[in-house]
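Now for the letters of each chain:
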Amino acid sequence: MTQPLLSLRNVQKHFGTVRAVDGLNLDIQENEFFALLGASGSGKTTLLRMLAGFEVPTGGEILLDGKDVSNVPPNRRPVNLMFQSYALFPHMTIAQNVAYGLEMEKCPKAEIKTRVGEMLEIIQLSHLAGRKPDQLSGGQRQRVALGRALIKRPRLLLLDEPLGALDKKLRGDMQLELKRLQHEFGITFIIVTHDQEEALVMADRVAILKDGTLLQCASPHDIYERPNSRYAADFIGVMNFMPAKVSNGRLLGAHGKPVTAQIPEGLHEGADVVVAIRPERLKVSAPQGDAAGSLPRGRVLATAYHGLDLQLHLETELCADPITVRLTAQEADQIALSQGDQLELGWDAKDTRVFAA
Amino acid sequence: MKDRKPLYLMTPALAWLTAFMVIPCLLILALAFFRRGLYGGIEYTFTLENLALVFDPLYAGIFLKSAAIAGLSALIAVIIGYAAAFAIAAAPSRRQPILLFFAVLPFWSNYLVRTYAWIVLLNREGLITGLARWLGYDAEMPRLLYTEGAVVVGLVYNYLPFVILACYAPLSRLNPEIAEASRDLGASSWTTFRRVVLPMTVPGIATGFVFVFVLSIGNFVTPALLGGGQFQMIGNLIYAQFLTANDWPFGAALSMVLIAIMMGLLTLQTFATERASGAKREES
Ligand SMILES: Nc1ncnc2c1ncn2[C@@H]1O[C@H](COP(=O)(O)OP(=O)(O)O)[C@@H](O)[C@H]1O
Ligand SMILES: [Mg+2]
């Protein structure tokens, strides 16, 4: 196995009594596009600031190419950080902002000129090279910040909520653009976001942080399909949670009947659990026979049309909150639906996850 | 301008300034164009002699000397004041108001009292000499009071709080991430200061410098008290024309040139501040 580019060994950062980062272990490989996902205050920025060299860990080691860099100042690390505020130099033009990092490396003048020209092409701002940052739009400023960091060709580029300040349409474009640039430059990216969709779209691997600890680290597919905790399941995408109790090796739902689920080992009799299932894994059908059938039933509260799919909100006896079902356009066409209709709800045991309540 | 209401609110202030400031000043300045009469009177015939006399080497020399002292005082005040403002802006934000309060505290005491305090310090057998003796310095002490140096010290001391406040404003508004970005891109702390922090806070420095310069060049209290009798700045000269020599037209001519210099500097400073802040946003 090759040496990881970055290894975190039990990294901690405590501010007084606040444990911003509390014992992280993580390996990141060269060329990876890695996403850190977590609610506000989960320690994402603190972790990035330690990687960039602005905070010294209160414990543990940060290994870059196998060497501990915990005490190396930011200007001596082959790591660049793109700040959440972009932190552009307001008194310099766009070209001067982009050139700054190369000037610090004492690059020859001619080389700086060509490389800045190339970078301005890449970030599509050549025509604005002489403007000051406050004469640019949010999206343009974001590209300057990116270009200013990328031109240094760092071993590791850290991006703190790079798309947070952009509107939705622009975000979509920039997500693809970032992925393209990462591929083109062959630089390892660690991107911080609180937008789970963004993390799933862009990253090779996603880590979920909660209160300074690592909850789960896996590929977007595994994070989505096999969350390892109720928090992770809730944080990523839409998830239905149904309370249940272990009874004689089966799970009994809130309606007192067995609930179809894949029961993990090690659950003791009488334990309270939740059964989690994604909206797109649920199937609905028109009720067959009488109300005493084996499948749980639900009443349609609302439908929401999203173009490619249709979301149903069903009131059931399975849980207090309405259950969300996602149907493809074809599936939806096969059953006539209107508010107040009764439907039967089914799913496969293999599509469920069971967590301690 | 779309909304004129705020302008109406300025009317009382403008009226006050016009009535009690602008008109009396203009009346005095107008005297510069008249002849001095016998026994301190004014003879109302037009002349440019008074203005010409200002540029006589004797008086032009006093202007230059005053400008040199004011410039030196402003420079020293800016260096000390900027360092202090930097330290205050770097302190934990909780403590900054307290530190600022102490920095401007001398300001709340009387100007004369503050200046007299320096006489006590710099006197032949004053506190500083006493301290040097106590530390074991036995040789003859150089003269401290009634020197140019004493005047500069007094001016710097009196106007330092202005500079601290003027420099603190842009320093405290600086987003710390901008300096961090510079470090992140490979700059040392010193380069970061020189290329990023300093240029971004030039407006504060310019304001502080011009303030001290303008207040110092026309000052007559500090040169009189700390410079002793043998030492004249332009303020003392004007003072003498009006109050002892009774040559009001020449005093007015001197004042006119002094005011022109001050206005020129203030205009320059406003212009520089606007340029440095790059605030001319092109809304698209
Ligand atoms: N300099 C600091 N001093 C004290 N507490 C801090 C400091 N920086 C961050 N924290 C605390 O650490 C926690 C994690 O913050 P942060 O890393 O900014 O989270 P995120 O970026 O995920 O929103 C928060 O509780 C925050 O208040
Ligand atoms: Mg953050």
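Only a predicted model underlies this, so the values are computations on that prediction, with no experimental measurement involved.

**Side note on a nonpolar patch on the surface**
Here comes step 1: A contiguous nonpolar surface patch, about 670 Å² in accessible area, is contributed by W16(B), L17(B), F20(B), M21(B), V22(B) and L26(B).
Here comes step 2: If you trace the backbone, L17(B) turns up in helix α2 (residues 11-30).

**Quick word on the site of ligand 1**
Residues and elements named next belong to chain A.
Here comes step 1: Lining the immediate surroundings of ligand 1 are F15, V18, A20, A39, S40, G41, S42, G43, K44, T45 and T46.
Here comes step 2: Contact between ligand 1 and G41: an oxygen atom at 2.6 Å from a main-chain N or O atom of the residue.
Here comes step 3: Residue T45 places a side-chain N or O atom 2.7 Å away from an oxygen atom belonging to ligand 1.
Here comes step 4: For ligand 1, whose unbound accessible area comes to 560 Å², protein coverage reaches 58%.
Here comes step 5: Elements that contribute at least two residues to the shell around ligand 1 include exactly β2 (18-28) and α1 (44-52).
Here comes step 6: Top contributing element to the shell around ligand 1 by residue count: α1, with 3 residues.

**What about the sheet that holds strand β19 (residues 353-356) of chain A?**
Sheets are built from strands paired through backbone hydrogen bonds, the pairs being either parallel or antiparallel.
All names here are of chain A.
Here comes step 1: Ordered in space as β12-β11-β13-β19, the 4 strands form an open sheet in which the pairing is antiparallel. A single partner strand is all that each edge strand has here, and the edge strands are β12 (250-253) and β19. The average undirected angle you get between the axes of adjacent strands in this sheet is 45°.
Here comes step 2: Bridging between strand β11 (residues 240-247) and strand β13 (residues 272-277) involves 6 bridges; their strand directions are antiparallel. What sits directly across from M242, in β13, is V275.

**A few points about the interface of chain A and chain B**
Here comes step 1: Counting from both sides, the interface comprises 26 residues of chain A and, opposite them, 23 residues of chain B.
Here comes step 2: By the criterion of area lost to chain B, the three top residues of chain A are N75(A), H91(A) and D134(A), representing 25% of everything that side buries.
Here comes step 3: Linking chain A with chain B are 2 salt bridges.
Here comes step 4: A salt bridge links E103(A) to R195(B), with the nearest nitrogen and oxygen atoms 2.8 Å apart.
Here comes step 5: Linking chain A with chain B are 11 residue pairs in polar contact (both at pLDDT 80 or more), by the criterion used here.
Here comes step 6: Per element, the largest residue contribution to the side of chain A that touches chain B is 4 residues, and it comes from helix α2 (residues 94-104) of chain A.
Here comes step 7: When grouped by side-chain class, the residues that make up the side of chain A that touches chain B number 15 nonpolar, 6 polar and 5 charged.

**Comments concerning α2(A)**
Here comes step 1: The element α2(A) is extensively covered by neighbouring structure, given that 8 of its 11 residues are classed as buried.
Here comes step 2: Looking only at α2(A), the buried set comprises I94(A), N97(A), V98(A), A99(A), Y100(A), G101(A), L102(A) and M104(A).
Here comes step 3: In this structure, the buried side of α2(A) is in contact with α3 (109-122) and α4 (138-150) of chain A together with α9 (176-184) and α10 (189-200) of chain B.
Here comes step 4: Positioned one or two residues after α2(A), K106(A) has a phi angle of 60°, which is positive.

**Focus on α9(B)**
Residues and elements named next belong to chain B.
Here comes step 1: Listing the buried residues of α9 in full gives I178, E180, A181, S182, R183 and D184.
Here comes step 2: For α9, the capping residue at the N-terminal end is N175, with a side-chain oxygen 2.9 Å from the backbone nitrogen of E177.
Here comes step 3: G186 sits one or two positions beyond α9 and adopts a positive phi of about 110°.

**So, empty space enclosed by the protein**
Here comes step 1: Under the defined criterion, the tally for this structure stands at 3 cavities of 30 Å³ or more.
Here comes step 2: Every residue lining the largest cavity is listed: L81(A), M82(A), F83(A), Y86(A), A145(A), R148(A), A149(A), A181(B), D184(B) and L185(B).
Here comes step 3: Those elements that provide at least two residues to the lining of the largest cavity are β6 (79-82) and α4 of chain A together with α9 of chain B.
Here comes step 4: The leading source of residues in the lining of the largest cavity is α4(A), at 3 residues.
Here comes step 5: In terms of residue class, the lining of the largest cavity is made up of 8 nonpolar, no polar and 2 charged.
Here comes step 6: A volume near 40 Å³ is recorded for the second largest cavity.
Here comes step 7: Around the second largest cavity, the lining residues are T45(A), R49(A), L81(A), F83(A), Q84(A), D160(A) and E177(B).
Here comes step 8: Grouping the constituent residues of the lining of the second largest cavity by class yields 2 nonpolar, 2 polar and 3 charged.

**Details of the pairing of strand β10 (residues 213-218) of chain A**
One face of the sheet, then the other: side chains in a regular strand alternate in exactly this way.
Residues and elements named next belong to chain A.
Here comes step 1: Strand direction decides the pairing type here: strand β9 (residues 205-210) and β10, joined by 5 bridges, are antiparallel. Residue I208 lies in a different strand from β10, and its bridge partner there is Q216.
Here comes step 2: The loop that links β9 with its antiparallel partner β10 comprises 2 residues; one of these, D211, has a positive phi angle of about 50°.

**Section: the confidence of the model for chain A**
Here comes step 1: With 98% of its residues at a pLDDT of at least 70, chain A reaches an overall mean of 90.
Here comes step 2: Across chain A, element-level confidence peaks in α2(A) with a mean pLDDT of 96 and bottoms out in helix α9 (residues 329-334) of chain A with 79.

**Some details on the domain arrangement of chain A**
Accessible area lost on assembly of the parts is the figure often given for the size of an interface.
Residue and element names in this part refer to chain A.
Here comes step 1: Each assigned domain of chain A is listed with its residue range as follows: domain 1 (6-230) and domain 2 (238-356).
Here comes step 2: When each unit is reduced to the centre of its C-alpha atoms, the spacing between domain 1 and domain 2 is 40 Å.
Here comes step 3: Taken together, the contact between domain 1 and domain 2 spans 8 residues of the former and 8 residues of the latter.
Here comes step 4: Together, the buried faces of domain 1 and domain 2 total about 760 Å²; carbon and sulfur atoms form 48% of this surface.
Here comes step 5: Broken down residue by residue, the surface that domain 1 buries against domain 2 is led by Y224, P227 and R230, which jointly contribute 71%.

**Re the pattern of salt bridges**
Here comes step 1: As enumerated under the stated definition, the model contains 27 salt bridges over all chains in all.
Here comes step 2: Between R19(A) and D22(A) there is a salt bridge; the shortest N-O distance is 3.4 Å.
Here comes step 3: One salt bridge connects D195(A) with R171(A), and the closest N-O pair in it is separated by 3.3 Å. With D195(A) in the loop between β8 (188-193) and α6 (196-202) and R171(A) in helix α5 (residues 168-185), this pair connects stretches of sequence that are 24 residues apart.
Here comes step 4: Here R171(A) falls in the buried class, since its relative accessible area comes to 16%.
Here comes step 5: Sharing partners across several salt bridges, the network here consists of K13(A), R49(A), E55(A) and E180(B).

Conventions and cut-offs
Residues numbered from 1 in each chain as written. Chains lettered and ligands numbered in written order. Predicted model: local features only at pLDDT ≥ 70, side-chain atom pairs only at ≥ 80, totals over all residues. Heavy atoms only, no water. Patch = residues over 30% accessible without salt bridge, like charges linked within 9 Å, V, L, I, M, F, W, Y side chains within 5 Å. Areas by Shrake-Rupley, 256 points an atom, 1.4 Å probe, with all protein chains shown as cover. Salt bridge = Lys/Arg side-chain N within 4 Å of Asp/Glu carboxyl O. Helix = DSSP H or I, 4+ residues; strand = E, 2+ residues; numbered from the N terminus. Near = heavy atom within 4 Å. Polar contact = N/O pair within 3.5 Å; in protein donor to acceptor, adjacent residues only side chain to side chain. Pairing = 2+ DSSP bridges. Axes fitted to C-alpha atoms, helices over the stretch in contact; angles between N-to-C directions. Contact = heavy atoms within 4.5 Å. Buried area = accessible area lost by both parts, 1.4 Å probe. Nonpolar A, V, L, I, M, F, W, Y, C, P; charged D, E, K, R; others polar. Buried < 20%, exposed > 50% of the residue type's maximum accessible area, 1.4 Å probe, protein only. 1 Å grid on protein atoms, 1.4 Å probe; cavity = no way out; pocket = protein on both sides within 12 Å on 5 of 7 lines; lining within 4 Å. Points joined across faces, edges and corners; volume = space filled by probe spheres on them. pLDDT = per-residue confidence, 0-100. Domains from an automatic or database assignment.

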